Amino acid sequence: MQKTNFSRITHQINNLFFGFLSDTWRSKSIGLISVLTGYFLFANFATKFISEGKNELIMVPIIIVFIEIIIRIKPSSRSRFYNLWSAVDKLRIGAIYAVVLEAFKLGS
(Lines give C-alpha, C1' and ligand atoms only; values in the text may rest on other atoms or scores of the structure.)
Protein backbone atom coordinates (compact mmCIF):
# COMPACT_ATOMS: atom_id res chain seq x y z
CA MET A 1 0.00 0.00 0.00
CA GLN A 2 1.28 3.45 -0.86
CA LYS A 3 2.11 6.01 1.79
CA THR A 4 -0.40 8.69 0.83
CA ASN A 5 -1.58 11.50 3.05
CA PHE A 6 -4.94 9.79 3.45
CA SER A 7 -3.36 6.51 4.54
CA ARG A 8 -1.19 8.37 7.07
CA ILE A 9 -4.21 10.19 8.49
CA THR A 10 -6.26 6.99 8.77
CA HIS A 11 -3.32 5.22 10.41
CA GLN A 12 -2.96 8.05 12.96
CA ILE A 13 -6.70 8.07 13.71
CA ASN A 14 -6.63 4.29 14.07
CA ASN A 15 -3.74 4.53 16.54
CA LEU A 16 -5.51 7.31 18.43
CA PHE A 17 -8.73 5.37 18.98
CA PHE A 18 -7.54 1.76 18.94
CA GLY A 19 -3.85 2.03 19.82
CA PHE A 20 -4.40 0.51 23.23
CA LEU A 21 -5.36 -2.78 21.57
CA SER A 22 -1.86 -3.17 20.14
CA ASP A 23 -0.16 -2.74 23.53
CA THR A 24 1.29 -5.65 25.44
CA TRP A 25 -0.62 -7.42 28.18
CA ARG A 26 1.80 -5.97 30.70
CA SER A 27 1.01 -2.37 29.80
CA LYS A 28 -2.73 -3.08 29.60
CA SER A 29 -2.81 -4.73 33.01
CA ILE A 30 -0.66 -2.04 34.63
CA GLY A 31 -2.96 0.61 33.16
CA LEU A 32 -6.12 -1.09 34.40
CA ILE A 33 -4.69 -1.72 37.86
CA SER A 34 -3.52 1.90 38.05
CA VAL A 35 -6.96 3.28 37.14
CA LEU A 36 -8.72 1.04 39.65
CA THR A 37 -6.18 1.80 42.38
CA GLY A 38 -6.54 5.53 41.76
CA TYR A 39 -10.31 5.22 42.01
CA PHE A 40 -10.12 3.17 45.20
CA LEU A 41 -7.58 5.40 46.94
CA PHE A 42 -9.23 8.67 46.04
CA ALA A 43 -12.77 7.49 46.82
CA ASN A 44 -11.57 6.60 50.31
CA PHE A 45 -9.57 9.81 50.52
CA ALA A 46 -12.55 11.94 49.52
CA THR A 47 -14.91 10.35 51.98
CA LYS A 48 -12.39 10.51 54.82
CA PHE A 49 -10.88 13.97 54.61
CA ILE A 50 -13.06 16.17 52.45
CA SER A 51 -16.45 15.06 53.78
CA GLU A 52 -15.39 15.76 57.38
CA GLY A 53 -15.23 19.45 56.51
CA LYS A 54 -12.05 20.13 58.47
CA ASN A 55 -9.39 20.15 55.78
CA GLU A 56 -11.27 20.84 52.56
CA LEU A 57 -9.96 24.41 52.15
CA ILE A 58 -6.41 23.11 52.29
CA MET A 59 -6.76 19.72 50.62
CA VAL A 60 -8.65 20.73 47.47
CA PRO A 61 -5.99 23.20 46.21
CA ILE A 62 -3.25 20.68 47.01
CA ILE A 63 -5.07 18.02 45.00
CA ILE A 64 -5.56 20.41 42.06
CA VAL A 65 -1.87 21.41 42.07
CA PHE A 66 -0.81 17.75 42.25
CA ILE A 67 -3.02 16.86 39.29
CA GLU A 68 -1.70 19.79 37.25
CA ILE A 69 1.90 18.81 38.00
CA ILE A 70 1.23 15.26 36.77
CA ILE A 71 -0.22 16.61 33.55
CA ARG A 72 2.55 19.10 32.86
CA ILE A 73 5.62 16.90 33.46
CA LYS A 74 4.88 14.40 30.70
CA PRO A 75 8.20 12.94 29.47
CA SER A 76 8.81 11.88 25.91
CA SER A 77 7.74 8.36 24.99
CA ARG A 78 11.38 7.30 24.61
CA SER A 79 12.26 8.35 28.15
CA ARG A 80 12.87 5.67 30.76
CA PHE A 81 10.43 7.45 33.09
CA TYR A 82 7.56 7.26 30.60
CA ASN A 83 6.16 3.98 31.97
CA LEU A 84 6.19 5.33 35.53
CA TRP A 85 4.54 8.56 34.41
CA SER A 86 1.93 6.59 32.49
CA ALA A 87 1.00 4.60 35.61
CA VAL A 88 0.80 7.78 37.71
CA ASP A 89 -1.30 9.46 35.02
CA LYS A 90 -3.72 6.55 35.06
CA LEU A 91 -3.90 6.87 38.86
CA ARG A 92 -4.88 10.49 38.25
CA ILE A 93 -7.59 9.42 35.80
CA GLY A 94 -9.02 7.01 38.36
CA ALA A 95 -8.97 9.74 41.00
CA ILE A 96 -10.84 12.16 38.75
CA TYR A 97 -13.39 9.45 37.99
CA ALA A 98 -13.90 8.96 41.74
CA VAL A 99 -14.50 12.70 42.22
CA VAL A 100 -17.03 12.82 39.39
CA LEU A 101 -18.82 9.75 40.72
CA GLU A 102 -18.96 11.20 44.23
CA ALA A 103 -20.39 14.44 42.82
CA PHE A 104 -23.13 12.48 41.04
CA LYS A 105 -23.87 10.58 44.24
CA LEU A 106 -24.27 13.83 46.14
CA GLY A 107 -26.41 15.28 43.39
CA SER A 108 -24.39 18.43 42.90
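Bear in mind the structure is a predicted one, so any value in this text is a computation, not a measurement. (Residues numbered from 1 in each chain as written. Predicted model: local features only at pLDDT ≥ 70, side-chain atom pairs only at ≥ 80, totals over all residues. Heavy atoms only, no water.)

Right, let's talk about the nonpolar core for a bit. Core analysis: the biggest nonpolar cluster contains nine residues, these being Phe42, Ala43, Phe45, Ala46, Met59, Ile63, Ile67, Ala95 and Ala98. Of all the secondary structure elements, the ones that give two or more residues to this core are helix H2 (25-50), helix H3 (56-72) and helix H4 (82-106). The dominant element in this core, judged by the number of residues it contributes, is H2, at four residues. (Core = buried A, V, L, I, M, F, W, Y, C linked by side-chain atoms within 4.5 Å. Buried < 20%, exposed > 50% of the residue type's maximum accessible area, 1.4 Å probe, protein only. Helix = DSSP H or I, 4+ residues; strand = E, 2+ residues; numbered from the N terminus.)

What follows concerns the confidence of the model for the protein chain. Here the protein chain averages 85 in pLDDT, while 95% of its residues score no lower than 70. Ranking the elements of the protein chain by mean pLDDT puts H3 last, at 83, and H4 first, at 88. (pLDDT = per-residue confidence, 0-100.)

This part covers the packing of H3 against H4. Packed helices, taken two at a time, are described by the angle between their axes plus the distance between the axes. The N-to-C vectors of H3 and H4 enclose an angle of 140°; their axes lie 10 Å apart at closest approach. As the angle between them shows, H3 and H4 are arranged oblique. The crossing of H3 and H4 is left-handed. Of H4, the residues touching H3 (which contributes Ile67, Ile70 and Ile71) are Trp85, Val88, Asp89, Arg92 and Ile96. Among the residues forming the contact of H3 with H4, the class breakdown is six nonpolar, no polar and two charged. (Axes fitted to C-alpha atoms, helices over the stretch in contact; angles between N-to-C directions. Parallel < 35°, antiparallel > 145°, perpendicular 65-115°, else oblique. Left-handed = near helix turned anticlockwise from the far one by under 90°. Contact = heavy atoms within 4.5 Å. Nonpolar A, V, L, I, M, F, W, Y, C, P; charged D, E, K, R; others polar.)

A word on the side chain of Arg92. Structurally, the position occupied by Arg92 is in helix H4. Apart from residues lying up to four places away in sequence, Arg92 is in contact with Ile67, Ile70 and Ile71.

Evaluated as defined, the whole model comprises three aromatic pairs. When the ring of Phe42 is compared with that of Phe45, the centres are 5.5 Å apart and the planes differ by 40°; the resulting orientation is tilted. With Phe42 and Phe45 both in helix H2, this residue pair falls three residues apart, about one helical turn. Residue Phe42 shares its accessibility class with Phe45, and that shared class is buried. The side chain of Lys28 reaches across the aromatic face of Trp25, ending 5.0 Å from its centre. (Phe/Tyr/Trp six-rings, centres within 6.5 Å; stacked < 30°, edge-to-face > 60°. Lys NZ or Arg CZ within 6 Å of the ring centre and 35° of its normal.)

What the rule picks out here adds up to three salt bridges. One salt bridge connects Lys105 with Glu102, and the closest N-O pair in it is separated by 3.2 Å. In this pair, Lys105 and Glu102 both sit in helix H4, three residues apart, roughly one turn of the helix. On the basis of relative accessible area, Lys105 is assigned to the exposed category, the value being 57%. (Salt bridge = Lys/Arg side-chain N within 4 Å of Asp/Glu carboxyl O.)

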